[in-house]
Amino acid sequence: MTTDVIEQDSHDEHHGDHKLKGIKRWLYTTNHKDIGTLYLWFAFIMLLIGGALAMVIRAELFQPGLQIVDPDFFNQLTTVHGLIMVFGAIMPAFTGFANWMIPMMVGAPDMALPRMNNWSFWILPFAFAILLSTFFMESGAPNFGWTFYAPLSTTYSNGSTAFFVFAVHIMGISSIMGAINIVVTIMNMRAPGMTYMKMPLFVWTFFITAYLLIAVMPILAGVVTMLLTDTYFGTSFFDAAGGGDPVLFQHIFWFFGHPEVYIMILPAFGIVSTIIPAFARKQLFGYSSMVYATASIAILSFIVWAHHMFTTGMPLFGELFFMYCTMLIAVPTGVKVFNWVATMWRGSMSFETPMLFSIAFVILFTIGGFSGLMLALTPVDFQYHDTYFVVAHFHYVLVTGSLFSIYAGAYFWLPKWTGHMYNETLAKWHFWCSLISVNLLFFPMHFLGLAGMPRRIPDYALQFADFNKWVSIGGFAFGLTQLIFLAVVIKCIRGGEKAPAKPWDGAEGLEWTVPSPAPYHTFSTPPKIED
Amino acid sequence: MTTKEYESYYVPSHSHWPIVGAVALFLIAVGAGNYVSTLNSAEGGFGGYILLAGVCLVVYMLFGWFSNVINESMSGKYSHQMDNSFRQGMSWFIFSEVMFFAAFFGALLYARTLSVPWLGGADNNAMTGAVLWPEFVSVWPLLTTPDGTETTKMGWYGLPLINTILLLTSSITAHLAHSALEKDNRKMLKIWLGLTILLGIVFLFLQVVEYMHGYSDEMKLYLTSGIYGTTFYMLTGFHGMHVTLGTIMLIVVFLRVLKGHFTPTNAFAFEAASWYWHFVDVVWVILFVFVYIV
């Protein structure tokens, strides 16, 4: 695919939409770049808050015994840490990328529904304000884990459950509106000649992710509603005495929850699939197989949910079905990992920070994938269930997977966003400190889990002490390291070497045809795309 | 640059409605949270007022926002592509609503085919039956719960059947209104659309009458009557809320028709409201089969 170099749009002033000044610009904006920026900053603030909660958890677990927090508050910390990282950090960060990049990548003037785009963002801070305010309520924050299993969240929940439910409702509304905007933008706003199979893989992964969101966020809304009525209005969805079943909660939750974990990883695949070809200076190996693999993973995600529930006493047929379907996911995922490696094979590689994070992603995400495969085996899962092995697994996937891809993407597009090159030395410090500390943080958790340490406990048996000490040290180091990233970003916004339109020589795509920083409005006239 | 003619896509400069809407949702969530939390406590809360303020603000926001959109549309700022965006947006919104109902239908089918039989000792659950509630008999509808709450079944004939006929008829009248609009027959458009709204309102009225029957001492069918009452009221209740929303949409469209809006080629709001109406109709048919009849 080759593209014309686009002249900077000289029609800006004819739009009649000069930027508003000050806070109003951000509150009233309909501009996809402004909204993308808001999403990204919001996600980073949430990452720091969620990270701070995690540091208190690790401080408590530094040595056996109860030192800092009482067990109920410990449960509140793990619960809110999970909710914030999933719904406040990872998902909004990806939506931020989608907002910034998709209109530029498909040659659209903006997102398809710009006002709704603003609404999707601005309800999020309010939702998290409500969630975080529960810490200051008499009963304390939700304490039933981010998965809020009934009856912990119904019969045995504390007084803040209703606020939790309505906060989740708002997050869901935000995600659904954001996803509808992404789908409509991609289906309806592509520049002439940009056929589906010419779209950058980044766009494809967000397209498929958005479908997953529209399909499963309403299920989440349904399950929290059932939880609300069970808790406050006397319904019997999850109450066996009334003919319901607590396990029903888990079925509905994980019918949402499993696609949800792919919602948090498919965009990461898209980002990495954009960056690796750029720094290997080769086309992405097997583009169409990547598209089909992404779609396969998305479809399979709807029929594997009960692998989270092997120990609930499912019928044997169910256990076998969900075990084999889950293992099937390894096939399209393997295709992807193979393609990334094949893209690098005999490429002219260079190792700028985006590439370093991407390579780390490929290796560490694969570790997370393999531990997932171990957890998929029913008989083995009986031992691993609810141990630190599970914690290790999903942190490898979400931190060294999703979060690393977010960092990779942020470094990759920072020149386009700010118009300045970031400080490569400082960025490399960020990468290497993160890489070392994150493995110190999460790798020993595998051993803890295999040895039988359960998750979500404030105290543990003595034999787990050594590993926990190292895990906590890794945790503090990883947390502090993220401040380097903040420094890099602030420095980059304030100044630095001027970035050319295309700072990475292997990079491809329409976003590199516009100047850096990208003008406030791009592609008011659709660009021409040729073969 | 491109030589092909293209229609420019209207991107509104900025809008204060979304942030008004965000504050409104915040008030609704805080108000509802406080209201629900203090529901069973003696002192009561102030949540109801915050909730009400939030709802008023949402109505105000929707009114202002849609006025903007309607004015832009009437002044010809929208292209064919914009129309497509609206259509696709509405379609995916309806799809998300389908999934919301899927969660509740899933719960109903799970209870009927799995959890209630298991409580009665089906499959490998003989000990569950024997140890927890040995007296419990598994039947659907579950009129006696394991803990002994009793209730009565809501029959499908009578009001529910009448309601089914009403809604199916209203789907036909909505379609006829659409055909009339396409032929630019304004008079028939008004008649069919008005009739659709009327049928919707009668449906809602009869639904309330049915609920009053259910909550009478005679039937004792409450939200708290175990899984049968739970699924009955939650499914019909959420459906009723969607019918209410659909009726409001149709009323707004009707008022716009009276003002002379919509042409055979430019009638997105009309079509969106009618899609939504067909959607609540289909949900009702599924609901009628699985909640009332089978």
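Since this is a predicted model, take the numbers as computed values, not measurements.

### A short note on the overall build of chain B
- From N to C terminus, chain B includes eight helices and zero strands.
- When the backbone C-alpha atoms are referred to their principal axes, chain B occupies close to 80 × 45 × 45 Å.
- Put simply, chain B has 294 residues, and 37% of those count as buried.
- Sequence separation of 24 or more characterises 67% of the internal contacts of chain B that already satisfy a separation of 6 or more.

### Some words on the overall build of chain A
- Regarding its fold elements, chain A presents 16 helices and two strands.
- Relative to its length of 531 residues, chain A is compact, with a C-alpha radius of gyration of 23 Å against a globular reference of 24 Å.
- Counting only residues that meet the buried cut, chain A has 59% of its 531 residues in that class.

### Focus on the interface of chain B and chain A
- Residue-level contacts link 60 residues of chain B with 64 residues of chain A.
- Counting only elements with at least two residues in the side of chain B that touches chain A, the list comes to helix 1 (17-37), helix 3 (80-119) and helix 7 (226-258) of chain B.
- With 22 residues, helix 3 of chain B is the single largest residue contributor to the side of chain B that touches chain A.
- Of the residues assigned to the side of chain B that touches chain A, the class counts are 34 nonpolar, 22 polar and four charged.

### Structural notes on helix 7 of chain B
- Taking 1.5 Å of rise per residue, the 33 residues of helix 7 of chain B would be expected to cover 48 Å, and the 47 Å separating its terminal C-alpha atoms lies within 8% of that figure.
- Just downstream of helix 7 of chain B lies B:Gly260, where phi reads positive at about 90°.

### Points about the environment of B:Phe205
- Among the secondary structure elements, B:Phe205 is positioned in helix 6 (residues 186-214).
- We classify B:Phe205 as exposed; it has 11 C-beta atoms within 10 Å.

### Section: the nonpolar core
- Residues A:Ala167 and A:Val223 are the most contacted members of the largest nonpolar core, which totals 253 residues.
- Of the residues forming this core, the biggest block, 22 residues, is contributed by helix 6 (residues 201-232) of chain A.
- The residues contacting A:Val223, other than those within four sequence positions of it, are A:Phe249, A:Ile252, A:Phe253, A:Phe256 and B:Ala103.

### Here's the deal with the packing of helix 6 of chain A against helix 8 (residues 266-280) of chain A
Residues and elements named next belong to chain A.
- Contact pair helix 6 / helix 8: the axes reach a minimum separation of 8 Å and the direction vectors enclose 175°. With respect to helix 8, the axis of helix 6 lies roughly antiparallel. Along the contact surface, helix 6 presents Leu 201, Phe 202, Trp 204, Thr 205, Phe 206, Ile 208 and Thr 209, while helix 8 presents Leu 266, Pro 267, Phe 269, Gly 270, Ile 271, Ser 273 and Thr 274.

### Digging into the environment of B:Pro146
All names here are of chain B.
- Relative to the helices and strands, Pro 146 resides in the loop between helix 4 (126-131) and helix 5 (159-182).
- Look at Pro 146 and you get buried, because 25 C-beta atoms sit within 10 Å.
- Sequence separation between Pro 146 and Leu 132 is 14 residues; the distance between their C-alpha atoms is 8.6 Å.

### Some details on the packing of helix 3 (residues 71-106) of chain A against helix 5 (residues 161-188) of chain A
Residue and element names in this part refer to chain A.
- Taken N-terminus to C-terminus, the directions of helix 3 and helix 5 make an angle of 20°; their axes are 11 Å apart at the nearest point. Relative to helix 5, the element helix 3 is oriented roughly parallel. Between helix 3 and helix 5 lies a crossing whose hand is left-handed. Where helix 3 abuts helix 5, its residues Phe 87, Met 91, Thr 95, Ala 98, Ile 102, Pro 103 and Val 106 lie against Met 171, Ser 175, Gly 178, Ile 182, Thr 185 and Ile 186.
- Across the contact of helix 3 with helix 5, the residue classes tally to nine nonpolar, four polar and no charged.

### Remarks on the confidence of the model for chain A
Residue and element names in this part refer to chain A.
- When pLDDT is averaged across chain A, the result is 94; 96% of the residues are at 70 or more.
- Here strand 1 (residues 2-3) stands out as the least confident element of chain A, with mean pLDDT 40; helix 15 (residues 424-450) is the most confident, with 98.
- Of the regions scoring below 50 in pLDDT, residues 1-16 engages in 27 contacts with residues more than four places distant in sequence or in other chains.

What counts and how
Residues numbered from 1 in each chain as written. Chains lettered and ligands numbered in written order. Predicted model: local features only at pLDDT ≥ 70, side-chain atom pairs only at ≥ 80, totals over all residues. Helix = DSSP H or I, 4+ residues; strand = E, 2+ residues; numbered from the N terminus. Buried ≥ 20, exposed ≤ 12 C-beta atoms within 10 Å, placed from the backbone. Contact = placed C-beta atoms within 7 Å. Rg over C-alpha atoms; globule rule 2.2 N^0.38 Å. Nonpolar A, V, L, I, M, F, W, Y, C, P; charged D, E, K, R; others polar. Expected span 1.5 Å × (residues − 1). Core = buried A, V, L, I, M, F, W, Y, C linked by C-beta atoms within 7 Å. Axes fitted to C-alpha atoms, helices over the stretch in contact; angles between N-to-C directions. Parallel < 35°, antiparallel > 145°, perpendicular 65-115°, else oblique. Left-handed = near helix turned anticlockwise from the far one by under 90°. pLDDT = per-residue confidence, 0-100.

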